[in-house]
Amino acid sequence: MTLSKRLKSSVSNLAQGAVGGAAGLALVFAIAGAPAQALAQPQPQAAPAPAAAAAPAIQGQGPALWVVKDADSTLYLFGTVHVLRPTTGWNSPRVQAAFESASDIWFEISNPDDQAAVIPLVQQYGMSPQIPLSSRLTAEEVAQLDVAAQTIGLTAAQMEPMKPWLVGLTLSVAPLLKAGYDPQSGVEQALKARAIAAGKPVHGLETIEEQIGMLATLPDDVQLELLRETLKDYDQAVVRLDSMVEAWAKGDVKALDKIVVEEMKTDAPELYKVLLVDRNTDWADQIQTQLQGSGTAFIAVGAAHLTGDDSVQSILKSRGVAVESVE
């Protein structure tokens, strides 16, 4: 497999997963939802999600949860999925208790739902009007693109100024939304709403621009390969995400590692390092800094970051920091 294909495979997995459990960019769905607005095309407003009478039932003990402690600090680590079906249960009693005990809440980014911030960055990093998209594709691919684009209310012509990475990401996410996955049902959205209601400060380990930059700086040939493979495998995203969510929802960290992390580590070690290892190392640094203070914090990041040999917990343990699973 060529480097381009390996990179494409992993970025495609990221887009298809678009989840905390996958390669773990919290902003994926916000980016994918931005093109219509960035292109100034009016879109129907999504109806607000109705308030649920009761939270969906969890499977077993629910998703995994860890804790890092010292004499005066308690930091909970919770692996999330950034988009879910409304029927997926995840808010176990242990997660709820940990969240309620925290004075501060941390996410990958503090404002993934801030379209006012996302759209200018998508316009800056995701548009290339001087190189029309169709000039990079065959006539058959343009026709395929037009069919796929219509499922999200756009056309191939409207996507002409967009860079391939943005088109590929947008189209990878579309079938997930059609299958009932909803960013408004994602874990971060729910936790952020609770934090705000409770007056808990919300913080981000990264910025929107940093996360967009991880995708926008992919080599051009990799971006094009992502788009082409997305068009070929348009109908496979839901099956993959279903398997990841099932493993995550019942706290099966080993299965999640096998489904997501090990594949990227094997097929695209370069991208694995950029999207997971480097970021996990930075977050471990930030967690150790927090341990120098005092108090209780709840840290919710994509579940892939808390999975495998290069997880945040593994890095902390290698530095002598005790991390325990909360049973």
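Keep in mind that this is a model prediction, so the values were computed, not measured.

Basis of the calculations
- Residues numbered from 1 in each chain as written.
- Predicted model: local features only at pLDDT ≥ 70, side-chain atom pairs only at ≥ 80, totals over all residues.
- Heavy atoms only, no water.
- Pairing = 2+ DSSP bridges.
- Helix = DSSP H or I, 4+ residues; strand = E, 2+ residues; numbered from the N terminus.
- Axes fitted to C-alpha atoms, helices over the stretch in contact; angles between N-to-C directions.
- Contact = heavy atoms within 4.5 Å.
- Phe/Tyr/Trp six-rings, centres within 6.5 Å; stacked < 30°, edge-to-face > 60°.
- Buried < 20%, exposed > 50% of the residue type's maximum accessible area, 1.4 Å probe, protein only.
- Salt bridge = Lys/Arg side-chain N within 4 Å of Asp/Glu carboxyl O.
- 1 Å grid on protein atoms, 1.4 Å probe; cavity = no way out; pocket = protein on both sides within 12 Å on 5 of 7 lines; lining within 4 Å.
- Points joined across faces, edges and corners; volume = space filled by probe spheres on them.
- Nonpolar A, V, L, I, M, F, W, Y, C, P; charged D, E, K, R; others polar.
- Expected span 1.5 Å × (residues − 1).

A. Examining the sheet that holds strand β2 (residues 73-80) more closely. If you walk across this open sheet you meet the six strands as β4-β3-β5-β2-β1-β6, and the pairing is mixed. Each edge of the open sheet carries a strand with a single partner, namely β4 (202-204) and β6 (323-325). Across the sheet, the mean angle separating the axes of adjacent strands is 25 degrees when strand polarity is ignored. Of the pairings in the sheet, the one linking strand β3 (residues 104-107) to β4 comprises three bridges and is parallel in character. Note on β4: the bridge partner recorded for Phe107 is Gly204. Against the sheet, helix α13 (residues 269-291) makes contact with β1 (65-69), β2, β3 and β5 (295-302), and its axis sits at roughly 155 degrees relative to β2, the strand it touches most.

B. Spotlight on the packing of aromatic side chains. Under the defined criterion, the tally for this structure stands at three aromatic pairs. Ring centres of Phe78 and Phe298 lie 5.9 Å apart, and the angle between their planes is 50 degrees; on these two criteria the pair is classed as tilted. Linking Phe78 in strand β2 with Phe298 in strand β5, this pair joins segments that are 220 residues apart in sequence. Its relative accessible area of 0% is what places Phe298 among the buried residues. Their ring planes at 80 degrees and their centres at 5.5 Å tell us that Phe99 and Phe298 sit as a pair that is edge-to-face.

C. Quick look at the pattern of salt bridges. Tallied over the full model, the rule gives nine salt bridges. One salt bridge in this structure joins Glu246 and Lys250, with 3.8 Å as the shortest N-O distance. Residue classification places Lys250 among the partly exposed residues on the basis of a relative accessible area of 40%. Lys265 serves as the salt-bridge partner of Asp310, at 3.8 Å between the closest nitrogen and oxygen. With Asp310 in the loop between β5 and α14 (312-318) and Lys265 in helix α12 (residues 253-267), this residue pair connects regions lying 45 residues apart in the sequence. Owing to a relative accessible area of 24%, Asp310 belongs among the partly exposed residues under this scheme. Shared partners join several salt bridges into a network, and the residues in it are Glu108, Glu206 and Arg279.

D. Region of the structure containing the pairing of β2. Within β2, eight of the eight residues are buried, which leaves the element mostly enclosed by the surrounding structure. Bridge count for β1 against β2 is five bridges, and the pairing is antiparallel. When the sheet's bridge partners are listed, Lys69 is paired in β2 with Thr74.

E. Structural view of the pairing of β1. Taken across its five residues, β1 has four buried, putting it largely inside the fold. In sequence, β1 turns back onto β2 through a hairpin of three residues. Looking at chain direction, β1 and β6 are connected through three bridges and run antiparallel. Note that in β6 the partner of Trp66 across the bridge is Ser325.

F. Molecular detail of empty space enclosed by the protein. Inspection of the entire model under this criterion finds four cavities of 30 Å³ or more. By volume, the largest cavity is sized at about 80 Å³. Every residue lining the largest cavity is counted, 13 residues in all, and those nearest its centre are Ala64, Trp248, Val253, Leu256 and Ala303. Counting residues per element, the ones that place at least two in the lining of the largest cavity are α11 (237-249) and α12. Counted by class, the lining of the largest cavity contains nine nonpolar, three polar and one charged residues.

G. Region of the structure containing helix α7 (residues 164-178). When the terminal C-alpha atoms of α7 are compared, their 22 Å separation across 15 residues agrees well with the 21 Å that a helix rising 1.5 Å per residue should span. Of all 15 residues making up α7, 13 are buried, and the element is well covered by its neighbours. Following α7 by one or two positions, Gly180 has its phi on the positive side, about 105 degrees.

By themselves, these are just geometric observations and shouldn't be taken as functional.
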